[in-house]
Amino acid sequence: MQGAFWAAPGCCVNLQRVMSSRICSALGLLVVAGCSRDPELPPGLDDAVTNANTDVDAGLLDLPSVILGSSQGYAPGPYGIEDGDVIRNVCFNYVWPDPRAADYDTRAMQRTCLGDFYDPDGEKGIRVLLLSTVAEWCGACRAEWGGGAQFGPFSDEILARHERGLRSLALMYHDDQGDPATRTDMREWASTYEMEVPFGLDAEFAMGSFSRADLQPFNMLVDTRTMRILERWVGAQTDKLFARIEQELNPGEPVDAGRD
Amino acid sequence: MIRVRWGLAASRVPATGRLLGTTLFLLLACCGTARGQQQAPPEPGRVSGSVNNFTRAQYSVDNRNTRVGSVNSLSDDDWGLIHNRLSVQARQDAWRVGARIDGVWFYTHPSSSELALEALRLRRGDLQPPFSAQDTAYYELRQQEGARDLSTRYRSVLYPSKYYVGYEGRDFDATIGDFNAQLGRGFVLSLRRQDELQSDTTLRGARVSGTLRGRALRLRATALGGVLNPLRVDAGSGRLLSVNRGVTPGPLGALDWGMPRPGQVEGLEPAPTLAPDRLVGGQLEVQLDTVTLGVQTARVIRQPALSPDSVRSAKAIQTSSASLDVPELWRGGSLYTEAAMQQRQSAAAEPTPETGYALYAALSAQQRPWLIGVEFKHYRRFFPLLANVDAARAAEFSTLQYNAPPTTEAHWVDSEFEGHNTCVSGGRVKLDHTFGPRRSAGVWVGHYRSWAESGSNPDCRIGASNENVIWDLASSFEQTGRASAYRHSFVIGGRLDQTRHSFPDPRGGRTRLFYGETYLRYGVTQRLLGQLSLQLQGWHRRLLQAQGGSTGPSYQGDHATGVRFGQWLLALGTQYDSDPRTPDLYLNGLLQYDLDSVSNVALFAGQERGGLVCVNGVCRDYAPFEGARIDLTLQL
């Protein structure tokens, strides 16, 4: 079992094989595979995970932006990161449910977990979850959230589909310098685009398991009945994205995602 | 197309150094001492051949692009490769046969554990215990990200990249295997080797051409079909394009025999990063005197998209065009025009996109000492034929495409953002004046309106809300000496790209300035004494980009100085960038010894700035490089 934040069914981390640092033992292995350097883990790093506790009461400001969520009451695993896999429950500690309604006050941020969107029976009225990453340096992200010819501002497009079961969680991970985003960066972004949909901080770039930090925009659709990953888009693919959303919200009907 | 920082057009750090370096390299090699190997035509029946071998040994160190939390900015550090490319060709009369074997051995590279530990060290400042649960969670996140990245990178391979057998007669030729192809001026199909972009996509299949000749009439027909075959390894980044049985069903599997396969890395399920596209097409040309009428068509047949977008998600794309070429239009003039249509066939349950079209014309007229050239384009929903690659896992190949619609702009332009060239109208007028036989000066004015540059607009909806208005102006001067004793060229210009509507300015308020640039390009070649010659080459820019660029204007530049003496070449390069997101200065040097006119050994050491390199609208994003490499080029 590999140590994997999103895919590990449990809390334990396999110890990595210890190899002599940069010398491969077999010439044949060297010729065929090259020499991958596997360092020895520092003492204590592998043990720390056994003390993982998602109920740490350390005060909101002391928490990292993302922590593992509980699997109780959540879609059963195994969990993965590819299309068709069940996405693991992860909690983001700094999320605005509605930035504009909160007047962009960071004190109104709260913890939101992917499990909050899990709706196997349809009781919550949720059909699909859109996970969207945002970086301040990303011009195409700005175009997405600002709106264009075919689609209005992202926030408006998402809200327009709320009644039919679309939910979203946008996550900022980089500032305009490519450094981890802060809540101040989030406030600037949210106020610029007058966001009214959930917006959270992912300073640890937990979403890096699905995409790359330098490839944006990134959007991922999750079936909230099973928490399975439906599809992912890298780049400005607004038309394809909303066509698929429409397909999920109106199964069996012809798709016409763009506005008139 | 996708890439960093600005959806399509990538980082605003054009890798002009690479283009300059390559140009300097080739020019000096060209103009230096050349003991030419003029080969006489082979005797009938005699077999002639050549063997070309290129070997590169390289080690890359930290390229100073590290970002906290970004595994990709760590995985391109501290790795090395030995890359060998062996090409063998033989010819007997009209028959020719050839093959190329590519081998890459990554003798060292980071592991996902190493990447995760380094990412953790950057976050914490050290790797001293105790470690918290958050540290462990962070380590796991980065390790998984690293494993995902390495699953398509640094995998040693040996594979037959190209092979062919062909017959080349006067009026008939046929090729089975790999071949380059261009139909028209690039709208329908353009498969050419482009060294500046490290690209050499061929069609692996069959091509037949036949010509009927009359007194003043010539008729030529071409049919081709096969599987599109890009290079599978990007030696600059170590990234791999791999296939498996799932994307090479039936006969496709035979054509992809020996090609790199995905490997399993640390528990991740191997998945392909390329789903090969198939293509059938043809061309009919009728030439009457010097006028040529052409009709060309190509159909790209696709598999389910590895990265869904407007182009890759199509089941099939049919592109056709008609062209008129009049190379001698009254005295010294010429005319070329082409009209193309493009239909994307969607998967079931998806609406059929509207048909796209493209109109292009290039006209030149000469009345000494004046020469005027006009290029015009009018494109609606006309897309680049992007290869079906997994753009998230093999981003270095995300701009791979099979056609090249003309841009009408200078070949180096890298500021056509997003889908600029898919929904655009405009053109360029160029006026040159010659002062004597070896001196000329010119100006050009380009004006364009694009509706797919400041936002995604695959349907090409025309409106003020998504319109960009672009002006591109420049003036040039060039002179050459007798017997090529010297050559001096200068271009100074600017580009202004504004939207019709205002949009939020990241620096505050609102703005309509989308992109602005002023620049200076120069090339000076000067023979000094005997075999000693000097070359200077540079490109200096002031950029301002409202979305995706640095806050405020930035300055970028490249300068290279080369000295050739006989068979020796020494070149020193400097690059700078005031963008706070990148290092300020890059230095590099090249030392080359020519064994003969085609064989040489070259040592490069230093730093190269990364970024976008574009050649006639086809672009490639390069990661920065720091390290050393030695190249050996041999031709026997």
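Predicted model, so just to flag it, every value in this text is computed and none were measured.

Peer 1: I tried to follow the overall build of chain A on my own but got confused; where do I start?
Peer 2: When helices and strands are tallied, chain A shows 6 helices and 9 strands. Burial status across chain A gives 57% buried among its 260 residues. Taking the intrachain contacts of chain A between residues at least 6 apart in sequence as the baseline, contacts between residues at least 24 apart amount to 66%. Of the roughly 10,400 Å² that chain A leaves accessible, carbon and sulfur atoms contribute 48%.

Peer 1: Help me out: how do you make sense of the overall build of chain B in this one?
Peer 2: Along the backbone of chain B there are 5 helices and 32 strands. With the C-alpha coordinates aligned to their principal axes, the bounding extent of chain B is approximately 90 × 65 × 55 Å. Residues classed as buried in chain B amount to 56% of the 636 residues present. Pairs at least 24 apart in sequence give 63% of the contacts found in chain B among residues at least 6 apart. About 25,400 Å² of surface is accessible on chain B, with carbon and sulfur atoms providing 60% of the total. Taken together, the 69 basic and 60 acidic charged side chains of chain B have centroids lying 4 Å from each other.

Peer 1: Help me understand the environment of S60 of chain B in this model?
Peer 2: All names here are of chain B. Assignment of secondary structure puts S60 in strand β1 (residues 47–60). In this structure the C-alpha to C-alpha distance between S60 and W79, which are 19 residues apart in sequence, comes to 5.4 Å. Apart from residues lying up to four places away in sequence, S60 is in contact with D77, D78, W79, F625, E626 and G627. Side chain to side chain, S60 and Q58 meet in a polar contact 3.3 Å long.

Peer 1: Help me understand helix α6 (residues 238–249) of chain A in this model?
Peer 2: Note that an α-helix has 3.6 residues per turn; residues three or four places apart therefore point the same way. Residue and element names in this part refer to chain A. With 12 residues, α6 ought to run about 16 Å at 1.5 Å a step, and its terminal C-alpha atoms sit 16 Å apart, in line with that. For α6, the full list of buried residues reads T238, D239, K240, L241, F242, A243, R244, I245, E246, E248 and L249. Buried residues in α6 make contact with β5 (128–135), α3 (139–146), α4 (154–159), β6 (166–174), β8 (218–223) and β9 (228–234).

Peer 1: Even after reading the chapter, I still don't get the state of the cysteines, so can you show me in this structure?
Peer 2: Among covalent bonds in proteins, the disulfide is the one between the sulfur atoms of two cysteines. The final tally for this structure, using the stated rule, is 4 disulfides over all chains. Paired through a disulfide, C91 of chain A and C113 of chain A show a sulfur-sulfur distance of 2.0 Å. Taking the sign of the S-S torsion, 100° for the link of C91 of chain A and C113 of chain A, the bridge is right-handed. Taken as a pair, C91 of chain A in strand β3 (residues 90–96) and C113 of chain A in strand β4 (residues 110–113) lie far apart in primary sequence, 22 residues in all. Note that C614 of chain B is cross-linked by a disulfide to C619 of chain B, the S-S spacing being 2.1 Å. Handedness here is read from the sign of the S-S torsion; for C614 of chain B and C619 of chain B, about 105°, the answer is right-handed. Take C614 of chain B and C619 of chain B: they sit in the same class, and that class is buried.

Peer 1: How do you make sense of the pattern of salt bridges when you look at a structure like this?
Peer 2: When the charged atoms of two side chains with opposite charge come close together, those side chains can pair. All names here are of chain B. For the structure shown, the criterion picks out 54 salt bridges over all chains. Here D149 and R153 are joined by a salt bridge, their closest N and O atoms 3.1 Å apart. Note on D149: relative accessible area 6%, which makes it buried. Residue D173 is joined to R220 by a salt bridge in which the shortest nitrogen-to-oxygen separation is 3.1 Å. Taken as a pair, D173 in strand β5 (residues 172–179) and R220 in strand β11 (residues 217–229) lie far apart in primary sequence, 47 residues in all.

Peer 1: I keep staring at the nonpolar core and nothing clicks. Help me out?
Peer 2: Nonpolar side chains tend toward joint burial in soluble globular proteins. If you look at the biggest cluster of nonpolar residues, it comprises 70 residues, and the most contacted ones within it are I87, L114 and W145 of chain A. Setting aside residues up to four positions removed in sequence, W145 of chain A forms contacts with S132, V134, P153, F154, S155, I158, A170, W189, Y193, M195 and V197 of chain A.

Peer 1: For this particular structure, what's the right way to read a nonpolar patch on the surface?
Peer 2: Residue and element names in this part refer to chain B. Together, W330, L363, W370, I372, V374, V429, L431 and V443 give the surface a local cluster of nonpolar side chains, amounting to about 690 Å² of exposed area. Contributions of two or more residues to the nonpolar patch are made by β19 (370–380) and β20 (423–434). When residues of the nonpolar patch are assigned to their parent elements, the largest contribution, 3 residues, is made by β19. By relative accessible area, W370 is classed as partly exposed at 44%.

Peer 1: Looking at this structure, how should I read the side chain of E136 of chain A?
Peer 2: Residue and element names in this part refer to chain A. Looking at where E136 falls in the secondary structure, it is placed in the loop between β5 and α3. Here E136 occupies a buried position and makes no salt bridge, while the nearest side chain of opposite charge, R142, is found at 4.5 Å. In terms of polar contacts, E136 uses its side chain to reach the backbone amide nitrogen of D176, at 3.1 Å. What E136 contacts, discounting residues up to four positions off in sequence, is R142, M172, H174, D175, D176, D185, E188 and W189.

Peer 1: How should the packing of aromatic side chains be read in this particular structure?
Peer 2: Each aromatic ring pair is summarised here by two numbers: the centre-to-centre distance and the angle between the ring planes. Residues and elements named next belong to chain B. One pass over the full model with this rule turns up 27 aromatic pairs over all chains. Between F503 and F514 the ring centres are 6.3 Å apart and the planes differ by 75°, which places this aromatic pair in the edge-to-face class. Placement of F503 in strand β23 (residues 486–504) and of F514 in strand β24 (residues 510–527) is noted, with a sequence separation of 11 residues between them. Overall, F503 belongs to the buried group, its relative accessible area being 6%. The class of F514 is buried, set by a relative accessible area of 2%.

Peer 1: Would you mind showing me how to read the packing of helix α3 (residues 112–124) of chain B against helix α4 (residues 133–150) of chain B here?
Peer 2: Relative orientation and spacing of two packed helices are given, respectively, by the angle between their axes and the distance between those axes. Residue and element names in this part refer to chain B. As a packed pair, α3 and α4 sit with axes 8 Å apart at the nearest point and diverge in direction by 135°. Classified by the interaxial angle, the pair formed by α3 and α4 is oblique. With respect to the hand of their crossing, α3 and α4 are arranged in right-handed fashion. Contacts between α3 and α4 involve S112, S113, L115, A116, L117, A119, L120, R123 and R124 from the former and D135, Y138, Y139, R142, Q143, G146, A147 and L150 from the latter.

Peer 1: For this particular structure, what's the right way to read the side chain of D256 of chain B?
Peer 2: All names here are of chain B. Residue placement: D256 occurs in the loop between α5 (251–255) and β14 (278–288). Here D256 falls in the buried class, since its relative accessible area comes to 2%. Apart from the residues within four sequence positions on either side, D256 is in contact with R232, V243, T248, R261 and P276.

Peer 1: Which parts of the structure should I look at to understand the confidence of the model for chain B?
Peer 2: All names here are of chain B. In the predicted model, chain B carries a mean pLDDT of 88, and the fraction of residues at 70 or more is 92%. Within chain B, no element has a lower average pLDDT than helix α1 (residues 16–31), which sits at 40, and none a higher one than strand β29 (residues 600–608), at 98. Segment residues 1–17: pLDDT under 50, and 92 contacts once partners within four positions in sequence are set aside and those in other chains are kept. Between residues 19–38, whose pLDDT stays under 50, and residues either more than four places distant or in other chains, the model counts 36 contacts. The complex model carries a pTM of 0.86, and its ipTM stands at 0.75.

Peer 1: Any chance you could explain the confidence of the model for chain A here in plain terms?
Peer 2: Detailed reading of predicted coordinates is not advised where the pLDDT is low. Chain-level pLDDT for chain A is 79 on average; 77% of the residues reach the 70-or-more range. Counting interchain partners and residues more than four positions distant, the pLDDT-below-50 stretch residues 7–32 of chain A has 41 contacts.

Peer 1: What exactly am I supposed to notice about the environment of R507 of chain B here?
Peer 2: Looking at the secondary structure, you find R507 of chain B in the loop between β23 and β24. The spatial distance from the C-alpha of R507 of chain B to the C-alpha of R193 of chain B is 42 Å, given a sequence separation of 314 residues.

Peer 1: When you look at the pairing of β9 of chain A in this model, what are you seeing that I'm missing?
Peer 2: It is a general feature of regular strands that their side chains alternate between the two faces of the sheet. Residue and element names in this part refer to chain A. Counting buried residues along β9, 6 of its 7 residues qualify, which places the element largely inside the surrounding structure. Taken together, the 6 bridges between β8 and β9 define a ladder with antiparallel strand orientation. Bridging across to β9, M220 finds its partner in R232.

Peer 1: I tried to follow unusual backbone geometry on my own but got confused; where do I start?
Peer 2: Excluding glycine, most residues fall at negative phi; most peptide bonds, likewise, are trans. Following G77 of chain A, the chain continues to P78 of chain A via a peptide bond in cis, the omega torsion being 10°. With respect to the helices and strands, P78 of chain A occurs in the loop between β2 (66–68) and β3. With omega at 5°, the peptide bond leading from R368 of chain B into P369 of chain B counts as cis. Relative to the assigned elements, P369 of chain B resides in the loop between β18 (356–367) and β19. The backbone phi angle of E418 of chain B is positive, close to 45°, even though this residue is not glycine. Of note, E418 of chain B is situated in the loop between β19 and β20. Exposure remark for E418 of chain B: the relative accessible area of 10% places this residue in the buried category. Here the phi dihedral of N616 of chain B falls at roughly 55°; this positive angle occurs in a residue that is not glycine. Relative to the assigned elements, N616 of chain B resides in the loop between β30 (611–615) and β31 (618–622). Since its relative accessible area comes to 36%, N616 of chain B is described here as partly exposed.

Cut-offs used in this document
Starting afresh in each chain, residues are numbered from 1 along the sequence in its written order. Following the order in which they are written, the chains are lettered starting with A and the ligands numbered starting with 1. Local features are withheld for residues below a pLDDT of 70 in this predicted model, meaning they are given only at 70 or higher, and side-chain atom pairs are given and counted only at 80 or more; totals for whole chains, interfaces and linings count all residues. To obtain the side-chain values, all non-hydrogen atoms of the structure were used and water was disregarded. Helix and strand definitions here come from DSSP, where helices need a minimum of 4 consecutive H or I residues and strands a minimum of 2 consecutive E residues; each element is numbered from the N-terminal end. Buried residues are those whose accessible area, probed at 1.4 Å on protein chains only, stays under 20% of the maximum for their type, while exposed residues exceed 50% and partly exposed ones sit between those limits. We call two residues in contact whenever any of their non-hydrogen atoms come within 4.5 Å of each other. Accessible areas in this description were obtained via Shrake-Rupley with a 1.4 Å probe; residue shielding takes into account the shown protein chains only. In summary, the charge assignment counts Lys and Arg as positive and Asp and Glu as negative, without counting His or the chain termini. The atom standing in for a charge is NZ when the residue is Lys, CZ when it is Arg, CG when it is Asp and CD when it is Glu. Under the rule applied, a polar contact is a pair of N or O atoms within 3.5 Å (in protein, one hydrogen donor and one hydrogen acceptor; residues adjacent in sequence only if both atoms are side-chain atoms). Here the expected span of a helix is defined as 1.5 Å times the quantity of residues minus one. Only a pair of cysteine sulfur atoms within 2.5 Å counts as a disulfide in this structure description. One side-chain nitrogen of Lys or Arg within 4 Å of one carboxyl oxygen of Asp or Glu is enough to make a salt bridge. The criterion is simple. A nonpolar core is a set of buried Ala, Val, Leu, Ile, Met, Phe, Trp, Tyr and Cys residues joined through side-chain atoms within 4.5 Å. For patches, a residue must show more than 30% relative accessible area and have no salt bridge; joins then use 9 Å for like charges and 5 Å for nonpolar side chains, namely Val, Leu, Ile, Met, Phe, Trp and Tyr. Paired rings are identified among Phe, Tyr and Trp, the last through its six-membered ring, by centres lying within 6.5 Å, and are further divided according to the angle between planes into stacked (under 30 degrees), edge-to-face (over 60) and tilted (the rest). Where helices are involved, their axes are fitted lines through C-alpha atoms of the stretch in contact, as for all axes, and angles between N-to-C directions lie from 0 to 180°. If an angle is under 35 degrees, it is roughly parallel; if it is over 145, roughly antiparallel; if it lies from 65 to 115, roughly perpendicular; otherwise it is oblique. Definitions for this section: a left-handed crossing has its near helix turned counterclockwise from the far helix by less than a right angle. A right-handed crossing has that turn clockwise. pLDDT runs from 0 to 100 and stands for how confident the predictor is about each residue. DSSP-based pairing: two strands are paired if at least 2 bridges between them are found.

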